[in-house]
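Structure assessment
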Amino acid sequence: SMLDRDRFDLKIVDANLNDYSPEHFSKVVRDWRPDLVGLSILANEYGITGHIGVKATKEVSLDIVTVLGGVYPTTRASDVLDDPLVDFAVLGEGEFVFPRLIDFIEGKDDLPKEGIAYRENNQKIILPQLNYIQDIDNLPFPDNDLIDFHSYANESFKHVVDAPRALPFAKLNTSRGCPIGCTFCQVEVISGKKTRFQSPKRVVDEIEWLVKNYHIKAIDFLDDNFLGDRQRAIGIFKEMINRKVPVVWNAANVREFFLS
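A brief structural summary. Here the structure is a predicted model, which means the values were calculated and not measured.

**Regarding the overall build of the protein chain**
Looking only at helices and strands, the protein chain features nine helices and ten strands. Here the C-alpha atoms of the protein chain give a radius of gyration of 19 Å, agreeing with the 18 Å that 2.2 N^0.38 yields for 260 residues. Here the C-alpha coordinates of the protein chain stretch approximately 55 × 35 × 35 Å along the principal axes. Within the protein chain, the proportion of its 260 residues that are buried is 41%. Summed over its atoms, the accessible surface of the protein chain is roughly 14700 Å², and 52% of this surface lies on carbon and sulfur atoms.

**Overview of the nonpolar core**
Within the largest apolar cluster, 20 residues are counted, with the highest numbers of intra-cluster contacts made by Ile-207, Leu-210, Ile-216, Ile-219, Phe-221 and Val-247. Of all the secondary structure elements, the ones that give two or more residues to this core are helix H6 (149–153), strand S6 (169–172), helix H8 (200–214), strand S9 (218–221) and helix H9 (230–243). If one sorts the elements of this core by residue count, H8 sits on top with six residues. Leave out the neighbours within four places in its chain, and Leu-210 touches Asn-144, Phe-149, Ala-170, Leu-172, His-215, Ile-216 and Ile-219. In terms of nonpolar packing, the next biggest core, distinct from the first, is built from 18 residues, Val-54, Ile-64, Leu-68 and Tyr-72 among them.

**As for the packing of aromatic side chains**
Enumeration over the complete set of coordinates arrives at ten aromatic pairs. Judged by centre distance (5.7 Å) and plane angle (80 degrees), the ring pair of Trp-209 and Tyr-214 falls under edge-to-face. The buried category is assigned to Tyr-214, whose relative accessible area is 13%. Measuring from centroid to centroid gives 4.6 Å for Phe-237 and Trp-249, while their planes differ by 20 degrees, and the two rings are stacked. One end of the pair, Phe-237, is in helix H9; the other, Trp-249, is in strand S10 (residues 248–251), with twelve residues separating them in the sequence. Phe-237 sits in the partly exposed class, given a relative accessible area of 21%. An aromatic cluster of three or more residues is present, and its members are Phe-141, Phe-149, Trp-209 and Tyr-214. The lysine or arginine in question, Lys-11, covers the ring of Trp-32, its NZ or CZ lying 5.4 Å from the ring centre.

**Thoughts on the packing of helix H1 (residues 22–32) against helix H2 (residues 47–58)**
Where H1 contacts H2, the axes come no closer than 8 Å and their chain directions differ by 50 degrees. Taken together, the axes of H1 and H2 lie oblique to each other. Crossing handedness for the pair H1 and H2: right-handed. Here Pro-22, Phe-25, Ser-26 and Val-29 of H1 come into contact with H2, specifically with Ile-52, Gly-53, Ala-56 and Thr-57.

Calculation criteria
Residues numbered from 1 in each chain as written. Predicted model: local features only at pLDDT ≥ 70, side-chain atom pairs only at ≥ 80, totals over all residues. Heavy atoms only, no water. Helix = DSSP H or I, 4+ residues; strand = E, 2+ residues; numbered from the N terminus. Rg over C-alpha atoms; globule rule 2.2 N^0.38 Å. Buried < 20%, exposed > 50% of the residue type's maximum accessible area, 1.4 Å probe, protein only. Areas by Shrake-Rupley, 256 points an atom, 1.4 Å probe, with all protein chains shown as cover. Core = buried A, V, L, I, M, F, W, Y, C linked by side-chain atoms within 4.5 Å. Contact = heavy atoms within 4.5 Å. Phe/Tyr/Trp six-rings, centres within 6.5 Å; stacked < 30°, edge-to-face > 60°. Lys NZ or Arg CZ within 6 Å of the ring centre and 35° of its normal. Axes fitted to C-alpha atoms, helices over the stretch in contact; angles between N-to-C directions. Parallel < 35°, antiparallel > 145°, perpendicular 65-115°, else oblique. Left-handed = near helix turned anticlockwise from the far one by under 90°.

Encoded structure:
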């Protein structure tokens, strides 16, 4: 949703949802012939899938630019660049870095000064994100029309603790970052130690948009610590009540001492 739809022809391919083999993914790339393929890797343990996707892409054409983003390159950029088939990695929040990277590739802008990794003269250049997006209220809603939304919204996932309470449902991240520093968690590296919150109005605006356009009946809040600001959480609930938003909700991540 940060890319100009009038300027770019965009496609989202979920190889996991569709159970694509590397060969099938190569066929998708071959049939579409994109100039650039970006692969989002959401966890370190799935890092290999990014390299499989890059290999499948370059087998179609070495001229296709490959970009890895997500948790894996953000936390292990050097490992990503060990793969000569990866042209660039976006580190951290990509909303502004990725469009600038595309402008650079097209010769319209300089290379971003942070949040990027690449090779130059066979040397790894890793520029971590230093400045996080502070105003996340003004980020646009996701372009859900680029996916089959209901193939996600009607999957119950009853075997997990954050299973939705009704179908169809949607997942929301209404904040970024967490200062707690749990030993098992990488959020401080991925999103920063300072939590940045969306306002209750912005959160409920998006919920109403989801209800209107996708008829959702439940929300799963995926914030790293949904109750990190109790008054904001209360503000969200009051806003939902005042607007009579017809959804039930649950929160996937709540640090227990915020409950007291």
